[in-house]
Amino acid sequence: MRYLCLRLGRGLLVLAGVSILSFVLAEMAPGSAFDEVRLDPRISPETVAAMRDRYGLDRSLPDKYIHWLQSIPNGELGFSVAFDSPVGPLLWPRARNTLLLTVPATVLAWCIAVPIGAWAASRPGGAGDRVTAGATTVLLSVPDLLLGLSLLVLAVRSGYFPTGGMMSVGFAGLGSWEKAKDLVSHFFLPVVALTLINLPVLVRHVRASLLDVLEAPFIQAARGAGIPERRLLLRHALRAAANPLISLLGLSIATLLSASVVVEMIMSWPGLGPLLIQAVAARDLHLVVGAVMCSTALLIAGNLVADALLYAADPRLRARQA
Amino acid sequence: MRCRPLLGLLALVYLATVLAGFLSPEDPAAQHRELAFAPPTRLHFMDAAGGLHLRPFVYGLAWSAAADAYAEDRSRISPVRFFVRGAPYRVAGTFSADRHLFGTDAPGPLFLIGSDDFGRDQFSRFLHGGQISLFAGLLGAGLSLGVGIVLGGLAGFYGAWVDETIMRVAEVFLALPWMYLLFAVRMALPLQIAPADAFLLVVSVIGLIGWARPARLIRGVVLSATLRDYVAAARSLGASDVYLLRRHLWPQVSGIALTQGALLVPQFVLAEVTLSFFGLGVGEPVPSWGNMLAGLQRYQVLSSYWWMFVPGLALIPVFLLYYALADALHRRAAGFPV
């Protein structure tokens, strides 16, 4: 337990660091959300100054930061000028939508990657291994952007899937079964895109970690004892390879969150990504900071889950604590 | 594969983009408004009367409302000529010239891979766009690798508080999903800028966000190398820090740094493409592979004009080359037989 608490504390420290970094970046940003308002001759400079004052744009950096920190306990995380609303309530539904894509994509990618990686590792240098290596290299070279766009073309051409958004127009009027069906048909394509983006890295790592373990003396001993190769691979080697693989979970979540920005944007999925890009284009500094913090928090949470799994899976880690 | 042939191929790709002005038949900004989204032009050898021409030629295109498509105007042929004079251009921003590798006589423009929504030659824009996108990735990788080597080297070599400070900051950079970091850093820079500045801007954004990973990697290598006996021996014989860094540590670092560089370039090319795709990078009328793909955000373009995908498709072989190069460099650095 102490181990997890330590990781949690470290995560919070990093989060604080990220908040300072993003505030410094926001401070450097030239121009503000009021630049266009100022050009409007109907609005007097005094009004603009009053608005700047109201949103606290003329405070010093530490002052702004402290003000922002004070708004965290009530879940506001600053104020979005573009949406004229506290940042917090804007972020939560978006973060939920992003999770709705990334969690199934992570699960799906792992479910596919482990068997394929194991298959490739079972006969290194064999036909299966070479096919997997080639396929993962090609898939790795396909840019996220292109993959998303190609899937969209497929959707347009086949007509089976909606080409974007999260719900159909008449969503509110549907029964609960239709609602679920509608949601699934909308999130199918983005989840497939994210899975495919994540897959090649995972397959390679599963293969590499399994190969590492397969050289260990205890595997040789087990092989000598006549345990069949399949059982050896799936029961003994996979368990021993759990440690590096679970550590990889954190990395795969980082990749997914990055890729989801592009995929969400292309498939107009109302997640954190479109919000971030909108906020950057609108110079809505607190909203950018909020989106960045939110993504970092998701990543840290993912890493904590990985740590907890590791703790549960690896008796050596528990023994070290005791 | 060995490093040399891969490097040669990559050099050819980059050379093609440097010579974009010469290789492309048109100015990348020249518009044919009446020929928006024209499909790739067909090359002909046989004219309407059945006569065979050794010199390939094209027909002029005109919109035919009846067929709802572009139709060839077979009354006049436009022969394709080589080394023709055309729109003036500059090579590498210095040499002025107006010779193009190929071009056509009036009337027909030759669109090798079609035209875009302003009727601009997609092939010319593709080559010029490669100049921006591929070099943004290369320079960005060079920049972040340079910063990473210096900071990582300092952290690993001097240890103590230098190490602690640099690595804590790196940790913050690494804690962010990098696409979010990319846009956060983009926020800190002006929104509307001239295209030429935009290129430098994109490169510096990329350089700023990319240093943390190589820095951490190189710190590890330097740290483990400084603990070696031969370094301790050299130090006890009075070797200076600079000597140690240059003579004993750089050879350890260089191979790993190069491998890392080859892996970073594709990621950073993609960063430029993504920024420009979303209108936050290099803007019109200067082409980049990112803003050329931006048209695909429109449903009609996406579903009807396959040639608009070309800049995205071209990324695949380029990335494959870089990954193969990284693999070859890794093998070389690790002392595998190549």
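Here is what the cut-offs are and how they apply
- Residues numbered from 1 in each chain as written.
- Chains lettered and ligands numbered in written order.
- Predicted model: local features only at pLDDT ≥ 70, side-chain atom pairs only at ≥ 80, totals over all residues.
- Helix = DSSP H or I, 4+ residues; strand = E, 2+ residues; numbered from the N terminus.
- Buried ≥ 20, exposed ≤ 12 C-beta atoms within 10 Å, placed from the backbone.
- Contact = placed C-beta atoms within 7 Å.
- Domains from an automatic or database assignment.
- Pairing = 2+ DSSP bridges.
- Axes fitted to C-alpha atoms, helices over the stretch in contact; angles between N-to-C directions.
- Core = buried A, V, L, I, M, F, W, Y, C linked by C-beta atoms within 7 Å.

**Observations concerning the overall build of chain B**
Assigned secondary structure in chain B consists of 12 helices and 4 strands. Looking at chain B as a whole, 42% of its 338 residues are labelled buried. Residue pairs at least 24 apart in sequence account for 69% of intrachain contacts in chain B once pairs closer than 6 positions are excluded.

**Some points on the overall build of chain A**
Check the secondary structure of chain A and you find 14 helices and 2 strands. Looking at the 322 residues of chain A, the share that counts as buried comes to 36%. Intrachain contacts of chain A at a sequence separation of at least 6 include 74% that bridge at least 24 residues.

**Looking at the domain arrangement of chain B**
We note that the domain assignment places domain 1 (41-110) and domain 2 (127-334) within chain B. Relative to domain 2 of chain B, the C-alpha centre of domain 1 of chain B lies at a distance of 41 Å.

**Quick word on the pairing of strand E3 (residues 69-91) of chain B**
Successive residues of a regular strand alternate their side chains across the two faces of the sheet. Residues and elements named next belong to chain B. Pairing of strand E2 (residues 52-64) with E3 involves 8 bridges; the strand directions are antiparallel. Residue pairing in the sheet places Tyr59 in a bridge with Ile77 of E3. Hairpin connection from E2 to E3: 4 residues lie between these consecutive antiparallel strands, with Asp68 at a positive phi of about 55 degrees. Examined bridge by bridge, E3 and strand E4 (residues 95-104) share 8 bridges and lie antiparallel to one another. Bridge pairing in E4 links Val80 to Thr104. Where E3 folds back onto E4 in an antiparallel hairpin, the turn is made up of 3 residues, including Ala92, whose phi is positive at roughly 55 degrees.

**Points about the sheet that holds E4 of chain B**
In sheet architecture, strand pairing relies on hydrogen bonds along the backbone and comes in two forms, parallel and antiparallel. All names here are of chain B. The 4 strands lie next to each other as E1-E2-E3-E4, forming an open sheet whose pairing is antiparallel. In this open sheet, the two edge strands, each paired with only one partner strand, are strand E1 (44-46) and E4. Going from strand to strand, the sheet's axes swing by 50 degrees on average, the running direction of each strand aside.

**Describing the nonpolar core**
Grouped together as the largest cluster of nonpolar side chains are 156 residues, with contacts concentrated most on Leu276, Val288 and Ala291 of chain A together with Tyr180 and Val202 of chain B. Counting residues domain by domain, this core receives three or more from each of domain 1 (41-110) and domain 2 (127-334) of chain B. Every residue in contact with Tyr180 of chain B, bar those within four places of it in the chain, is listed here: Val261, Leu276, Ala291, Val292 and Ser295 of chain A.

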